[in-house]
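Commentary on secondary and tertiary structure
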Amino acid sequence: MKDLTAIEQAPRDALRGLQLERLRRAVAWVEERVPLYRDRLRQAGVRAEDLRSLDDLRRLPFTVKADFRDTYPFGLLAVPMDEVIRLHASSGTTGKPIVVAYTRGDLETWSEVMARTLMAGGVGPDDVVHNAYGYGLFTGGLGFHYGAERVGAAVIPMSGGFTERQLTALTDFRSTVLCSTPSYALHLAEALEEAGIASKDLALRVGFFGAEPWTEGMRDALESRLNIMALNIYGLSEVIGPGVSVECPERKGMHVAEDHFLPEIVDPTTLEPLPPGATGELVLTTLTKKALPVLRYRTRDLTAIEPEPCACGRTLVRIRRIMARTDDMLIIRGVNVYPSQIEHVLMQVAGVEPHYLLVVRREGALDTLEVQVEARAGVAEAGPEAMRGLAAQVRRRIHEVIGLGADVTVVPPKTIERSQGKAKRVQDLRRQGGTS
Ligand code: AMP
Ligand code: ZN
């Protein structure tokens, strides 16, 4: 496999040896430098030199999002500020942002894993990378930027928004690669259609979509409407940003950059490790980061390790598409619902666009779910009767698939707010403060 770096196709034994050696170093690093880890490791009665095999990972303490908040802004840093050369932040939904830091070496690592991400889609020096992930505190923009530079591609630092300008760049600069959230890519696809620009007249070939949950149906829509191969990418600020894992062209799960990030799947309630194939919470340990290493970080993202080897030749394990976060689950009249399940249903109904908003209310003692979804242009033109018929069809499908009665409103095209970054799909008006 000439396109793969040596580590991506290393024998499992060699990789595990490297992981253990790096894990020991990472534990020693935080033991010495981060009070929170020193205390927790002491409480757990484990030291770096006690780690004899990767199974000993389970003896290490977990890290959670609240640990970032409790030590805000710099309490988890393992190096002095003069070694830090970059800060990013993730806003989250409540309170203070999560602040993350990088040394020069960390940025090297990040560029390397992002280069590997892009190379998984065949990106190289001849490519023109249209990067519509947000530049700024969000890790998406600069993460892809550095990766694209590393592979020698020409990167266009578009960031999100200014859709007109995006269309001009896509058309005139002959972009071959699109990087954005899937919801924004869909928005761009619509804007192209409206401007009368056919995707076959563009040079786009591959897209790297992530930072929010999306479905196979959405992949099909993006692939056909943009005439590209759509690859799923995953990462999170607390661990590094994008670059943790990426699909190869087989598109059957995302390979984890296991030489830098050690994945586990645990039962979110008991926190016991789960075997390959079982769905649970993804837990990640950084093996090489210096400024902000994390031990067993609970991502809240639900997925499973794919047990089968991949046909692409990579030996790195894959995680399955992340359909939900443990904290995204809505409980409506006792039924557990994830926004992605609703998206899945919507993708199967011809006549609606996958732009949608879920509004949850409490009326008396009863929770209600309203699903607002946009009609395709043709349906909207056919009049209110057609819109109502479509709403009834969606309502029926949601009831059949999820077992929940929902109020469905089919709204005219372009009425649901577009996001340039991560889409906001849920308004939970039951909670204090209104939205989530
Ligand atoms: P942030 O740190 O702000 O970039 O947010 C990271 C979070 O975005 C992750 O923990 C996931 O919940 C979500 N996320 C990132 N990539 C994906 C993806 N490909 N599919 C589903 N969710 C994703
Ligand atoms: Zn593969």
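Residues numbered from 1 in each chain as written. Chains lettered and ligands numbered in written order. Predicted model: local features only at pLDDT ≥ 70, side-chain atom pairs only at ≥ 80, totals over all residues. Heavy atoms only, no water.

**Structural notes on unusual backbone geometry**
In this model, Tyr-72 is joined to Pro-73 through a cis peptide bond whose omega is -5°. As for its position among the elements, Pro-73 is in the loop between helix H3 (65-70) and strand E1 (84-90). Phi at Arg-174 is positive, roughly 55°, even though this residue is not glycine. Within the secondary structure layout, Arg-174 lies in the loop between helix H6 (163-172) and strand E5 (177-180). Assessed through its relative accessible area of 40%, Arg-174 is described here as partly exposed. If you check the backbone angles, Arg-333 has positive phi at about 50° while not being a glycine. With respect to the helices, strands and loops of the structure, Arg-333 is situated in the loop between strand E16 (330-332) and strand E17 (335-337). (Helix = DSSP H or I, 4+ residues; strand = E, 2+ residues; numbered from the N terminus. Buried < 20%, exposed > 50% of the residue type's maximum accessible area, 1.4 Å probe, protein only.)

**Focus: the sheet that holds strand E20 (residues 407-411)**
One open sheet holds the four strands; their spatial order is E20-E19-E18-E21, and the pairing between them is mixed. Bordering the open sheet on either side are E20 and strand E21 (426-428), each of which pairs with just one other strand. Strand-to-strand twist in this sheet, taken as the mean axis angle between neighbours without regard to direction, amounts to 15°. Of the strands in this sheet, strand E18 (352-363), strand E19 (366-375) and E21 touch helix H9 (residues 339-347), which is tilted by about 135° from E18. Where helix H11 (residues 384-402) meets the sheet, its contacts fall on E18, E19 and E20, and the angle it forms with E20 comes to roughly 140°. (Pairing = 2+ DSSP bridges. Axes fitted to C-alpha atoms, helices over the stretch in contact; angles between N-to-C directions. Contact = heavy atoms within 4.5 Å.)

**Examining the coordination of the zinc ion (ligand 2)**
Here the zinc ion (ligand 2) is held by Cys-248 (SG), His-255 (NE2), Cys-310 (SG) and Cys-312 (SG), and the distances to it run 2.1 to 2.3 Å. Around the zinc ion (ligand 2) sit four donor atoms; with metal-centred angles ranging over 102 to 112°, the donor geometry is tetrahedral. All donor residues of the zinc ion (ligand 2) come from one chain, and their arrangement in sequence is C-x6-H-x54-C-x1-C. Side by side, Cys-310 and Cys-312 carry an identical accessibility label, which is buried. (Donors = N, O, S within 2.8 Å, 3.2 Å for Na, K, Ca; no water. Tetrahedral: all angles 85-135°; square planar, octahedral: opposite > 155°, others 65-115°.)

**Re the sheet that holds strand E15 (residues 324-325)**
Here four strands make up an open sheet; going across it, the order is E10-E11-E12-E15 and the pairing antiparallel. Two strands close off the open sheet at either side, each with one partner strand: strand E10 (261-266) and E15. In this sheet, E15 lies alongside strand E12 (residues 297-303) in antiparallel orientation, the contact comprising two bridges. Bridge pairing links Asp-301 to Arg-325 in E15.

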